[in-house]
Amino acid sequence: MDTNLKFERSDLSANNIQLRVFGDVTIHTSTRLREQLKPLYTTKTQRIHVQLDHVDFMDSSGIATLVEGLQWSRLTGGKFILSGLKENVRDIFSLAKLDTVFDIEDTSQT
Amino acid sequence: MAVTVNQRGDNIGNPERAMPGKYQRGKSCRISLQLDSNSDCVEVLRSIVSVMTARAGMDELRSNRVAVGVDELFANIAAHAYGGKPGRIEVDACLEERGETRFLIFDFRDYAKVCWRGDIEKIANQPLDVEHLCPGGLGLRLIHSVSDNCEHHELEDGNRWQLIFNVCNGEKDGHES
C-alpha cells in the first residue's frame, strides 16, 4: 500500500496536459490528485490525459476525483482521457459502472 | 494510532508470515482488531484483508474487491458516523463454513451515533447520475457491488455492519476465481 502519491506532469502543448500518477488513490491521497487536476479545468485546456499505469489501488474517492474531470470535459467540450488502467483499477471502474462513461484508452501511450 | 490484534483459532502470528497459509476446512480462522478511526489504520486493515483473502484462496482481483469493500466501509464509518473525529472501530474478520459454502465475513462495530437508515440496495440500484455523483454514494455502490451481502444494524450504542463474501462461487458479476 503506497500512501505517498506522486505525479509526473508533461505539458505536451499549452492546452494538452499529460499527468502520470504513482501510488494508491484513496480517501487519504485523492486530495493531492485533485490539487493537481483542478487548476487544469479551464477553457484554455483542451486535453487532459491521466495515466494510471502506476496505480495499484483506487477507491471511490479517487474515482470521484476523476469524475470531476469528466464533468469538466462535458461542460467545456475538452477531452479527459484515462489510460494504462491495471486490471484491479479497471475492475473497480467496471463495478461502479463508469468504465463506459469515461474515455479510457487501453495503453498509456498518447 | 492504537491497534490491537487479537487472534482466535489457529496461530496466525505475524500477518506477513501467515500469508502463504491456506484455510483448512473445519479449522477456524479469525482475526479481531480494534482500530482508531484514523487514516493510519487503513494500512493495518489492508494487511488483514490480504491475510484473510490469501487464506480463503482468493485471487488478486477478488482480493482487491474485498479490499475495496472493507476500505470503503471503514472510510464511511470514519467520515460519516464519527464525522472525521477520533473514534473506535472494532473489526472482526473470519472465514466461516455454512454447509458446503465458505464465506469471508467482516464485522464492523462502531460506537458512533446512528447516522444511516437508508436502503443500500435501493441506493445501489438507482441509475448512476454522473453529473451529481457524490463520493459517499459511490462508496456504498462499490460496497454493494463487491460484496455478496452487506447489512447494517442499529445498536443502542452504535452501529454494526457486516460484509459477506462468498468464497466459493465467485463474485456476483460472474467472475470466476
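Residues numbered from 1 in each chain as written. Chains lettered and ligands numbered in written order. Predicted model: local features only at pLDDT ≥ 70, side-chain atom pairs only at ≥ 80, totals over all residues. Heavy atoms only, no water.

J.: So, the interface of chain B and chain A: which residues are in play, and what are the values?
T.: A common way to state how big an interface is: give the accessible area lost once the parts meet. Contact with chain B, which involves 25 residues of that partner, is made by 26 residues of chain A. Interface of chain B and chain A: buried area, both sides summed, is about 2,200 Å²; carbon and sulfur atoms make up 64% of it. When residues of chain B are sorted by the area they lose upon contact with chain A, R46, N64 and V130 of chain B head the list and together hold 23% of the total. Taken together, the links from chain B to chain A amount to two salt bridges. The residue D91 of chain A makes a salt bridge to R65 of chain B at a minimum N-O spacing of 2.6 Å. Counting across the interface, chain B meets chain A through five residue pairs in polar contact (both at pLDDT 80 or more). Counting only elements with at least two residues in the side of chain B that touches chain A, the list comes to α2 (41-56), α3 (60-81) and α5 (135-146) of chain B. For the side of chain B that touches chain A, the element with the most residues is α3 of chain B, which contributes nine residues. For the side of chain B that touches chain A, the residue count by class is twelve nonpolar, five polar and eight charged. (Contact = heavy atoms within 4.5 Å. Buried area = accessible area lost by both parts, 1.4 Å probe. Salt bridge = Lys/Arg side-chain N within 4 Å of Asp/Glu carboxyl O. Polar contact = N/O pair within 3.5 Å; in protein donor to acceptor, adjacent residues only side chain to side chain. Helix = DSSP H or I, 4+ residues; strand = E, 2+ residues; numbered from the N terminus. Nonpolar A, V, L, I, M, F, W, Y, C, P; charged D, E, K, R; others polar.)

J.: So what's going on with the packing of aromatic side chains? Which residues, and what values?
T.: Residue and element names in this part refer to chain A. Overall, the coordinates contain five aromatic pairs over all chains when judged by the stated rule. With a centroid separation of 6.4 Å and 65 degrees between ring planes, the pair formed by Y41 and F80 is classed as edge-to-face. Placement of the pair is Y41 in the loop between α1 (30-37) and β3 (47-54) and F80 in strand β4 (residues 79-83), with a sequence separation of 39 residues. Note on Y41: relative accessible area 19%, which makes it buried. (Phe/Tyr/Trp six-rings, centres within 6.5 Å; stacked < 30°, edge-to-face > 60°. Buried < 20%, exposed > 50% of the residue type's maximum accessible area, 1.4 Å probe, protein only.)

J.: Give a detailed account of the sheet that holds strand β5 (residues 103-105) of chain A, specifying residues and quantitative values.
T.: Residue and element names in this part refer to chain A. In space, the five strands of this open sheet follow the order β1-β2-β3-β4-β5, with mixed pairing throughout. Edge positions in the sheet fall to β1 (6-13) and β5, since each of these pairs with one other strand and no more. Within this sheet the neighbouring strands show an average axis-to-axis angle of 20 degrees, counted without direction. Sheet topology places β3 next to β4; five bridges connect them, and they run parallel. Within β4, the residue paired with R47 across the bridge is K79. (Pairing = 2+ DSSP bridges. Axes fitted to C-alpha atoms, helices over the stretch in contact; angles between N-to-C directions.)

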